[in-house]
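An overview of the molecular structure
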Amino acid sequence: MSPSPFSDPDAIAETGVIVVDLQGDFTTLKQGALAVDGADAAYVKEVEQVTLRLKSAEFTLFATQDWHPKDHVSFFTSLPGKQAFDTIEIHGETQVLWPPHCVQDSGNAEILINPDTFSSVVKKGTDSRFDSYSGFQDQGNTPTGLEQLLRAADITRVAVYGLATDYCVKATAMDAAKRGFEVFLVEDLCRGVAPDTTREALEEMKQQGIHIITSNEI
Ligand code: VGL
Ligand code: ZN
């Protein structure tokens, strides 16, 4: 077995950990509006434990937070006659219309790990006109600031996990790879909205050169 790329202090200093959208609305634990299968109490506890272990090991930790205004374009309630999970075309892309979720300042928009754990929490999807699955930029190409934070911390490599594998985790990992970071997707700390799109997401990430690993490898 090759040595873990995370074992020596220099490697750890260059590695950022990005915890994606670990928020009540995506969990069954908090009976979220967009609860993802398997995002239950045991899952959240495991993510928290591993994240705290990585903090003790001195990785630099980042979190993304879906943070939508009440009238957000991705909510089915923003369009007359639409239902949850209908799809429409916006800006030439297919947009799933979600139940309202992660509404700014609502309890279920809170991150389920103490925010002080992270060196930064990056909010996304804050513009009512654009969705933002990626933690790096929204669909109107406005950056969130995450890339600058990673560069300022001299990070070249990222480990990514959280919710949901087939949407925000995938988009964030793919965007990191496109920006030249070496990306490790921690599969056992992710849960997906649907099995088929989750399988496809893992395949697409592999093809992009993203390493698919498990939490015991980091
Ligand atoms: C997400 C759907 C809508 C996610 C966010 O975090 O994967 N999915 N907004
Ligand atoms: Zn959202």
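Residues numbered from 1 in each chain as written. Chains lettered and ligands numbered in written order. Predicted model: local features only at pLDDT ≥ 70, side-chain atom pairs only at ≥ 80, totals over all residues. Heavy atoms only, no water.

1. Points about the sheet that holds strand S2 (residues 60–66)
Which entries qualify depends on this criterion: By the convention used here, strands pair only if DSSP detects at least 2 bridges between them. Numbering of helices and strands starts at the N terminus; helices are DSSP runs of H or I of at least 4 residues and strands are runs of E of at least 2. Simply put, an axis is a line fit to the C-alpha atoms, just over the touching stretch for a helix, and the angle between two N-to-C directions goes from 0 to 180 degrees.
Pairing is parallel in the open sheet, where 6 strands are placed in the order S5-S2-S1-S6-S7-S8. The strands lining the two open edges of the sheet, one partner per strand, are strand S5 (120–124) and strand S8 (211–213). With strand direction ignored, the average angle separating the axes of adjacent strands in the sheet is 25 degrees. Sheet topology places S2 next to S5; 5 bridges connect them, and they run parallel.

2. Notes on the coordination of the zinc ion (ligand 2)
We count it as follows: Water is not part of the atom set, so a site may look incomplete; the donors themselves are N, O and S atoms within 2.8 Å of the metal, or 3.2 Å for Na, K and Ca. Geometry is assigned from the angles between donors: four donors with all angles from 85 to 135 degrees make a tetrahedral site, four or six donors whose opposite pairs exceed 155 degrees while the rest stay between 65 and 115 make square planar or octahedral sites respectively, and everything else is labelled irregular. Categorising residues by exposure relies on relative accessible area from a 1.4 Å probe, with only protein chains included: less than 20% of the type maximum marks a residue as buried, more than 50% marks it as exposed, and the intermediate range marks it as partly exposed.
The protein atoms donating to the zinc ion (ligand 2) are Asp66 (OD), His68 (NE2) and His101 (NE2), with metal-donor distances spanning 2.0 to 2.2 Å. Because the angles between the 4 donor atoms bound to the zinc ion (ligand 2) fall within 87 to 171 degrees, the donor set is best described as irregular. All donors of the zinc ion (ligand 2) come from a single chain, and their spacing in sequence reads D-x1-H-x32-H. Separated by 33 residues along the polypeptide, His68 in the loop between S2 and strand S3 (87–90) and His101 in the loop between strand S4 (93–96) and S5 bring together distant segments of the chain. Each member of the pair, His68 as well as His101, is classed as buried.

3. Re the site of ligand 1
Test applied: It suffices for a single heavy atom of a residue to lie within 4 Å of a molecule or strand for the residue to be listed as near it. Polar contact is defined as a pair of N or O atoms within 3.5 Å, subject to the rule that within protein one atom must be able to donate a hydrogen and the other to accept it, and that residues adjacent in sequence are counted only when both atoms are side-chain atoms. What sets the accessible areas is the Shrake-Rupley method with a 1.4 Å probe; for residues, cover comes only from the shown protein chains. Gly is put with the polar residues, along with every residue not named as nonpolar or charged; the nonpolar set is Ala, Val, Leu, Ile, Met, Phe, Trp, Tyr, Cys and Pro, and the charged set is Asp, Glu, Lys and Arg.
Looking at ligand 1, the residues that line it are Asp21, Phe26, Leu34, Asp66, Trp98, His101, Tyr133, Leu163, Ala164, Tyr167 and Cys168. Side-chain polar atom of Asp66 to a nitrogen atom of ligand 1: 3.0 Å apart, as the coordinates give it. Contact between ligand 1 and His101: a nitrogen atom at 3.1 Å from a side-chain N or O atom of the residue. Protein coverage of the free-state accessible area of ligand 1, which is 260 Å², stands at 99%. Class assignment for the residues of the shell around ligand 1 results in 8 nonpolar, 1 polar and 2 charged.

4. A short note on empty space enclosed by the protein
What counts is decided by this rule: For each structure, a 1 Å grid was placed over the protein atoms alone; sets of points admitting a 1.4 Å probe that cannot get out are labelled cavities, open sets with protein on both sides within 12 Å along at least five of seven lines are labelled pockets, and lining residues have an atom within 4 Å of a point. Grid points are joined across faces, edges and corners, and a volume is the space filled by probe spheres set on the points.
This model, assessed by the stated rule, comprises 2 cavities of 30 Å³ or more. Quantified by volume, the largest cavity comes out at close to 120 Å³. In terms of lining, the largest cavity is formed by 15 residues, of which the most central are Phe26, Leu34, Trp98, Tyr167 and Cys168. Split by residue class, the lining of the largest cavity holds 10 nonpolar, 2 polar and 3 charged. A volume near 30 Å³ is recorded for the second largest cavity.

5. Some remarks on the nonpolar core
Let me state the cut-off plainly: Buried Ala, Val, Leu, Ile, Met, Phe, Trp, Tyr and Cys residues that are joined via side-chain atoms within 4.5 Å together make up what is termed a nonpolar core. Note on contacts: a residue pair is in contact if any heavy atoms of the two residues lie within 4.5 Å.
Judged by nonpolar contacts, the single largest core of 61 residues is most densely connected at Leu150, Val158, Val160, Tyr161, Val183 and Leu185. For this core, the secondary structure elements donating two or more residues are strand S1 (15–20), helix H2 (41–56), S2, helix H3 (146–152), strand S6 (157–162), helix H4 (165–178), strand S7 (182–186) and helix H5 (195–207). A per-element tally of this core places H4 first, with 8 residues. Those residues in contact with Val160, other than ones at most four positions away along the chain, are Ile18, Val20, Val169, Ala173, Val183, Phe184, Leu185 and Val186.

6. Some points on H4
Which entries qualify depends on this criterion: One axis fitted to the seven residues ending at a residue, another fitted to the seven starting there: the angle between these axes is the bend at that residue.
The largest bend in H4 comes to about 25 degrees, at Ala171. The element H4 is largely enclosed, with a buried count of 12 among its 14 residues. Among all positions of H4, only Thr165, Asp166, Tyr167, Cys168, Val169, Ala171, Thr172, Ala173, Met174, Asp175, Ala176 and Ala177 are buried. Of the surrounding elements, those touching the buried residues of H4 are S1, S4, S5, S6, S7 and H5. Remark: Gly180 follows H4 within two positions and exhibits a positive phi of approximately 95 degrees.

7. Some points on the environment of Glu204
As for its placement among the helices and strands, Glu204 is situated in helix H5. On the accessibility criterion, Glu204 (35% relative accessible area) is partly exposed. Along the sequence, Glu204 and Phe136 sit 68 residues apart, while their C-alpha atoms lie 18 Å from each other. Non-local contacts of Glu204, meaning those with residues more than four positions away in its chain, are made with Lys170 and Met174.

8. Structural notes on the environment of Thr60
One can find Thr60 in strand S2. For Thr60, a relative accessible area of 23% puts it in the partly exposed group. Taking the C-alpha atoms as reference points, Thr60 and Asp105, separated by 45 residues in sequence, lie 26 Å from one another. Beyond its immediate stretch of four places on either side in the chain, Thr60 contacts Thr15, Gly16, Val17, Ser119 and Ile155.

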